[in-house]
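Commentary on secondary and tertiary structure
Okay, here's what each chain looks like letter by letter:
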Amino acid sequence: MARILHSDPAHLDLLAHHLAAGGIAAVPTETVYGLAGHALEAVPVAKIFSVKGRPRRNPLIVHVSDWEGVEAIAHVTDLDRMVGERFWPGPLTLILKKKSTVPASVTAGLDTVAVRIPSHPLVRALLRRCSFPLAAPSANPFGYISPTRPEHVETALGPSIDYILDGGICEGGIESTIVSLLDPDEPKLLRQGAIGLESLEETIGQSIRLSTDAPGEKPTRGLLSPGLMERHYSPHTLLRTFRGSLPKTGKGDAIVFLNAASCRGAHHFALSATGQLEEVARNLYDRLYRLDEKGYGTLFLEVPEGDGLAAAIRDRMGRASASP
Ligand code: TXA
Ligand code: MG
């Protein structure tokens with residue numbers, strides 16, 4: 001069983017020492033919990049892959065506390081800086097040319113590294129205590145739902161990790177937006193998130209191609225995709241999505257609506273009280289974790305319409321319900 005740590009400075013010191021010594025731990029971010037370890041050391045990086053059961057060809061995101069931290073591990077162009085300055089600290093991951101300090105195991109042999117300055121106060125307090133960057137993929141077994149509460153991490157990975165830093169529920173609820181500006185003439189959105197395509201395009205003053213083929217997000221397609229599966233973020237229970245009219249359910253099934261006003265029966269659940277998208281995103285994975293324990297036959301999940309955050313939520317729901 002993992003030990004739960006809190007914002008107490010003594011706990012943060014203990015955790016920073018544990019990480020410096022090559023240990024790993026689950027830590028909260030504003031998006032989802034991450035499984036963190038010293039990004040420049042082989043042992044913790046190997047532990048992260050093995051605890052998650054993650055294929056080695058799927059690179060890790062590296063978290064740093066400031067621009068100095070970014071520049072210690074990657075080359076930053078003016079365009080990267082423009083976007084980073086607008087959205088960091090926050091739920092944005094930039095794909096940058098890596099420096100030689102970053103081991104090939106972190107980047108799965110790619111010459112690029114995914115970098116993020118998170119905004120969650122607890123992970124920031126921890127990063128400030130560490131003199132090194134933290135590699136941290138979502139703290140779930142590979143392919144399963146990303147955790148947004150310490151209990152989720154405990155359920156899925158508890159026996160394999162020593163510590164969970166308790167930051168309560170993650171405000172954002174879905175993983176960061178991933179952007180690559182490596183080719184300045186062809187900016188790409190590799191994963192949708194709370195920071196929408198439109199606000200990114202506005203920031204850089206050019207259009208961005210939606211190309212959700214970050215290595216962990218889609219099957220093999222060209223160089224950007226060392227190759228994985230489309231199914232991701234999935235509960236064990238069979239999941240189906242619907243929009244508009246009510247799905248035809250059988251005995252033992254449940255329906256998860258966007259808005260509590262749609263609930264009519266015992267096995268009807270809602271992702272938000274009013275259908276507000278931020279609340280839907282925040283509650284999505286928590287709802288899936290909790291319903292996955294109930295033994296339902298099929299969960300029917302209502303998908304939101306629209307772009308921005310709605311598109312990111314729809315993307316996660318689609319992947320969670322993709323066939324194995
Ligand atoms: O919000 C988040 O980003 C969370 C929190 C913990 O920061 N982290 C997260 O990590 O979602 P993970 O490992 O579950 O997803 C990272 C994604 C994977 O799809 C991976 O393939 C992609 O980022 N990625 C990592 N390095 C990359 C690179 N150099 N080029 C392209 N994609 C990369
Ligand atoms: Mg993940």
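Residues numbered from 1 in each chain as written. Chains lettered and ligands numbered in written order. Predicted model: local features only at pLDDT ≥ 70, side-chain atom pairs only at ≥ 80, totals over all residues. Heavy atoms only, no water.

1. Notes on the overall build of the protein
Across its full length, the protein holds 10 helices and 16 strands. By the compact-globule yardstick of 20 Å for 324 residues, the protein fits well, its C-alpha radius of gyration being 19 Å. C-alpha extents for the protein along the principal axes are approximately 55 × 50 × 30 Å. Taken across its 324 residues, the protein has 58% of its residues classed as buried. Residue pairs at least 24 apart in sequence account for 63% of intrachain contacts in the protein once pairs closer than 6 positions are excluded. (Helix = DSSP H or I, 4+ residues; strand = E, 2+ residues; numbered from the N terminus. Rg over C-alpha atoms; globule rule 2.2 N^0.38 Å. Buried < 20%, exposed > 50% of the residue type's maximum accessible area, 1.4 Å probe, protein only. Contact = heavy atoms within 4.5 Å.)

2. Thoughts on the confidence of the model for the protein
Across the protein, the average pLDDT comes to 94, with 95% of residues at 70 or higher. Under a pLDDT of 50 for its full length, residues 219-229 has, in the predicted model, 35 contacts with residues more than four places off or in other chains. (pLDDT = per-residue confidence, 0-100.)

3. Thoughts on the packing of aromatic side chains
As enumerated under the stated definition, the model contains 5 aromatic pairs in all. Where Tyr 144 meets Tyr 289, the ring centres are 5.4 Å apart and the plane angle is 90°; that geometry is what we call edge-to-face. Taken together, the positions of Tyr 144 in the loop between β8 (134-135) and α7 (150-157) and Tyr 289 in helix α9 (residues 277-292) put the pair 145 residues apart, joining distant regions of the chain. In this structure, Tyr 144 and Tyr 289 share a single accessibility class: buried. (Phe/Tyr/Trp six-rings, centres within 6.5 Å; stacked < 30°, edge-to-face > 60°.)

4. Details of the packing of helix α1 (residues 9-20) against helix α6 (residues 121-129)
Where α1 meets α6, the axes come as close as 9 Å, and the angle between the chain directions of the two elements is 55°. As judged from the angle between their axes, α1 and α6 are oblique. The interaxial crossing formed by α1 with α6 has right-handed handedness. Across the interface between the two elements, Pro 9, Leu 12, Asp 13, Leu 15, Ala 16 and Leu 19 from α1 touch Leu 122, Ala 125, Leu 126 and Arg 129 from α6. Residues that form the contact of α1 with α6 fall into these classes: 8 nonpolar, no polar and 2 charged. (Axes fitted to C-alpha atoms, helices over the stretch in contact; angles between N-to-C directions. Parallel < 35°, antiparallel > 145°, perpendicular 65-115°, else oblique. Left-handed = near helix turned anticlockwise from the far one by under 90°. Nonpolar A, V, L, I, M, F, W, Y, C, P; charged D, E, K, R; others polar.)

5. Digging into the domain arrangement of the protein
Examined at the domain level, the protein breaks down into domain 1 (3-173) and domain 2 (238-320). Between the C-alpha centres of domain 1 and domain 2 the distance comes to 28 Å. Each partner contributes residues to the interface: domain 1 has 16 residues there, and domain 2 has 9 residues. Taking both partners together, domain 1 and domain 2 bury about 1000 Å²; carbon and sulfur atoms supply 55% of that area. Ranking the residues of domain 1 by area buried against domain 2 places Tyr 144, Ile 145 and His 152 at the top, with a combined share of 43%. (Domains from an automatic or database assignment. Buried area = accessible area lost by both parts, 1.4 Å probe.)

6. Let's talk about the pairing of strand β16 (residues 298-302)
Summarising burial for β16: 5 of the 5 residues are buried, a large majority. Burial of β16 is two-sided: the residues Thr 298, Phe 300 and Glu 302 facing one way and the residues Leu 299 and Leu 301 facing the other way are all buried. Where strand β13 (residues 238-242) and β16 come together, 5 bridges link them in parallel fashion. When the bridges of β16 are listed, Arg 240 appears paired with Phe 300. Across 3 bridges, the pairing between strand β14 (residues 254-257) and β16 is parallel. Residue pairing across strands places Val 256 opposite Leu 301, the latter belonging to β16. (Pairing = 2+ DSSP bridges.)

7. Looking at the environment of Ala 320
Of note, Ala 320 is situated in helix α10 (residues 309-320). By relative accessible area, which is 2% here, Ala 320 ends up buried. Each residue touching Ala 320, except ones within four places of it in the same chain, is listed here: Arg 231, His 232, Tyr 233, Ser 234, Pro 235 and Leu 239.

8. Points about the layout of surface pockets
If a probe the size of a water molecule is rolled over the atoms, the empty space left behind becomes visible. The space that makes up the second largest pocket amounts to roughly 220 Å³. Taken together, 13 residues make up the lining of the second largest pocket; nearest its centre are Gly 69, Cys 130, Ser 131, Phe 132 and Pro 133. Top element by residues in the lining of the second largest pocket is helix α3 (residues 67-73). It accounts for 4 residues. Residue composition of the lining of the second largest pocket, grouped by class: 8 nonpolar, 3 polar and 2 charged. (1 Å grid on protein atoms, 1.4 Å probe; cavity = no way out; pocket = protein on both sides within 12 Å on 5 of 7 lines; lining within 4 Å. Points joined across faces, edges and corners; volume = space filled by probe spheres on them.)

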